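Chain residues, written in single-letter form:
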Amino acid sequence: MPDLAKELRKIKSDGLWRKLRAYCPTGPVTGEIDGQAVINFAANDYLGLSHHSRVRAAAQEALERYGSGGGASRLLSGNNILYQKLEQRLAALKRTEAALVFPTGYQANLGVLTSLAGRGDVIFADKFNHASLIDGCLLSGAAVKRYPHKDLRILERWMSAAASFRRRLIVTDAVFSMDGDLAPLPALAELAKRYDALIVVDDAHGTGVLGASGGGAVDFLNVKGISVQIGTLSKALGSLGGFVAGNRGLIDYLINKARPLIFTTALPPATLAAAMTALEVIKDEPQWRSKLMNNAVYLRSILKTTGINVDDQPTPIIPVTAGSPDTALKLSLALFDNGFLIPAIRPPAVPAGSSRLRITVSAHHTREQMDRLVKALRRVMGNGGRAMSSDGKSWTGMETGNR
Ligand SMILES: *Cc1c(COP(=O)(O)O)cnc(C)c1O
């Protein structure tokens, strides 16, 4: 047995210790941890659809009719008839010929990258891409070049020198999951065209949220030429699963090649029914999207008024810089003592020196809840960045979070 205790001690002393806490939801944005009530600013269920009455009813009906489990891989008997309709609706949402659902977004990313890229290929990946894209790149066996966040100049320089590779891919988050900013998709699509590359966009956080009908970042930015669009059912769609949208040939290829689809069990029918109904709600009830956007604008504006530096972005992800992992953790704990659930995001989720609080807004937060959050934040961040830890000992000031 390796010396795990020693490694764990190091993780702890680096301020990177992670532990699971039991969360009991009591509504779309409220819950309890260890008996303490909290307002949840830490979920990606942006529209609260996991609690929507139609979504829950559809899941219940599918559970009663088809049972609790997927039963087998999709290529055996797990391909419940609900998949077909769900995939048609996802393709319609993304305006593509076809779509393919995976058990998670993580697996969709592994499946796409390991199927489309291999030895002799090169993948250009934004440095801030989600871990599942990074893992997919590494697992593919292709050469991987990680360009500085959104740095088109460096990307172009590298791409112009990559003609000898068999295939070139550009891989990017559409909405960066820990920063809440948008990728420059039109410029990336242009580069892909110029240097004969395939562009793969992971819109986990834009799907259902951005665009007039919730189609996502590609829709919102009105970009053409994105050959592979990835999304998740696990965030704004309030369910679980990942998906790929593209042309029929791509989807057929993935069905035949993608090991994270082939060698795993299908999703439970209730999960499929929930996602399918969430797509209907997204179409029928655009008010959730506008409430979400209004809340995101409101929270950013009151944070700024308080002197907390936030970027203007059209997304519900709002990072607040803390610097060191320790500082982020202490802020998070102090907020918890004030009844707010806001996670400290630390390496390896973000680069060293850029630990942060990651606030996510929901359509269901009230102004009063957001006002209280900002007051609490101001209190715990203190004047000049001093604050109190949850055990009452004062601790040193904020670091600036230069990456
Ligand atoms: C959350 C996330 C995923 C993973 O999706 P799951 O369905 O939760 O596995 C993939 N990519 C990005 C950018 C994400 O934020």
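If you're wondering where the values come from, they're calculated on a predicted model, not measured in any experiment. (Residues numbered from 1 in each chain as written. Predicted model: local features only at pLDDT ≥ 70, side-chain atom pairs only at ≥ 80, totals over all residues. Heavy atoms only, no water.)

1. Details of the site of the ligand
Surrounding the ligand, one finds 15 residues, the nearest of these being Asp-202, His-205, Thr-232, Ser-234 and Lys-235. At a separation of 3.5 Å, a nitrogen atom of the ligand approaches a polar side-chain atom of His-130. In the environment of the ligand, an oxygen atom lies 2.6 Å from a nitrogen or oxygen atom belonging to the side chain of His-205. In terms of residues, the shell around the ligand owes the most to one element, helix α5 (residues 105-116), which gives three residues. Taken together, the residues that form the shell around the ligand break down as two nonpolar, 10 polar and three charged. (Near = heavy atom within 4 Å. Polar contact = N/O pair within 3.5 Å; in protein donor to acceptor, adjacent residues only side chain to side chain. Helix = DSSP H or I, 4+ residues; strand = E, 2+ residues; numbered from the N terminus. Nonpolar A, V, L, I, M, F, W, Y, C, P; charged D, E, K, R; others polar.)

2. Describing the packing of aromatic side chains
On inspection of all chains with the given rule, the structure shows one aromatic pair. Ring centres of Phe-41 and Phe-340 lie 6.2 Å apart, and the angle between their planes is 45°; on these two criteria the pair is classed as tilted. Of this pair, Phe-41 sits in the loop between β3 (36-40) and α2 (53-66) while Phe-340 sits in strand β12 (residues 340-341); the two residues are 299 residues apart in sequence, bridging distant segments of the chain. For the pair formed by Phe-41 and Phe-340, the shared burial category is buried. (Phe/Tyr/Trp six-rings, centres within 6.5 Å; stacked < 30°, edge-to-face > 60°. Buried < 20%, exposed > 50% of the residue type's maximum accessible area, 1.4 Å probe, protein only.)

3. Side note on the sheet that holds β12
Taken in spatial order, the four strands line up as β1-β2-β3-β12 in an open sheet, and their pairing is mixed. If you trace the sheet from one side to the other, it starts and ends with β1 (23-25) and β12, each paired once. Across four bridges, the pairing between strand β2 (residues 30-33) and β3 is antiparallel. Paired with Ile-33 across the two strands is Gln-36, which belongs to β3. Each of β2, β3 and β12 touches helix α14 (residues 325-337); the most contacted strand, β3, lies at about 115° to it. (Pairing = 2+ DSSP bridges. Contact = heavy atoms within 4.5 Å. Axes fitted to C-alpha atoms, helices over the stretch in contact; angles between N-to-C directions.)

4. Concerning the pairing of strand β6 (residues 143-147)
Relative to β6, strand β5 (residues 122-126) runs parallel, the two being bridged by five bridges. Within the sheet, the bridge partner assigned to Ala-125 lies in β6 and is Arg-146.

5. Things to note about helix α15 (residues 367-381)
Its 15 residues give α15 an end-to-end C-alpha distance of 21 Å, which sits within 8% of 21 Å, the value for a rise of 1.5 Å per residue. Along α15, the residues classified as buried are Gln-369, Met-370, Leu-373, Val-374, Ala-376, Leu-377, Val-380 and Met-381. Around the axis of α15, the buried residues are gathered within 165° of arc, so they sit on the same side. Looking at α15, the residues exposed on the side facing more than 90 degrees away from the buried face are Lys-375 and Arg-379. A positive backbone phi angle near 70° is found at Gly-382, which sits one or two residues after α15. (Expected span 1.5 Å × (residues − 1). Arc of directions from axis to C-beta.)

6. Some remarks on the side chain of Thr-315
Following the sequence through the fold, Thr-315 ends up in the loop between α13 (287-305) and β11 (317-323). Judged by its relative accessible area of 1%, Thr-315 falls in the buried class. When neighbours within four sequence positions are excluded, Thr-315 is seen to be in contact with Val-175, Gly-180, Ala-296 and Arg-300.

7. Observations concerning the confidence of the model for the chain
Looking at the chain, pLDDT values average 94 and 95% of them are 70 or higher. For residues 383-403, every residue scores under 50 in pLDDT, and the model assigns this stretch 44 contacts once sequence neighbours within four places are set aside. (pLDDT = per-residue confidence, 0-100.)

8. Let's talk about the sheet that holds strand β13 (residues 344-345)
The three strands are arranged β11-β14-β13 in an open sheet whose pairing can be described as antiparallel. Lying at the two open borders of the sheet, with one neighbouring strand each, are β11 and β13. Contacting β11 and β14 (355-360), α13 crosses the sheet at an angle of about 30° to β11.

9. Structural notes on the packing of α5 against helix α6 (residues 131-140)
Following both chains from N to C, one finds α5 and α6 inclined at 30°, their axes separated by 8 Å at the closest point. Between α5 and α6, the angle is such that the two are roughly parallel. Handedness of the crossing formed by α5 with α6: right-handed. Contacts from Tyr-106, Asn-109, Leu-110, Leu-113 and Thr-114 of α5 reach α6 at Ser-132, Leu-133, Asp-135, Gly-136, Cys-137, Leu-139 and Ser-140. Its residues assigned to classes, the contact of α5 with α6 comprises six nonpolar, five polar and one charged. (Parallel < 35°, antiparallel > 145°, perpendicular 65-115°, else oblique. Left-handed = near helix turned anticlockwise from the far one by under 90°.)

10. Here we look at the pattern of salt bridges
By the definition in use, this model includes 18 salt bridges. Arg-356 is the salt-bridge partner of Asp-179, the closest N and O atoms lying 3.0 Å from each other. In this pair, Asp-179 sits in the loop between β7 (168-173) and α8 (185-194) while Arg-356 sits in strand β14, placing the two residues 177 residues apart along the sequence. What makes Arg-356 buried here is its relative accessible area of 3%. Through salt bridges that share partners, Arg-54, Arg-89, Glu-280, Asp-284 and Glu-285 make up one connected network. (Salt bridge = Lys/Arg side-chain N within 4 Å of Asp/Glu carboxyl O.)

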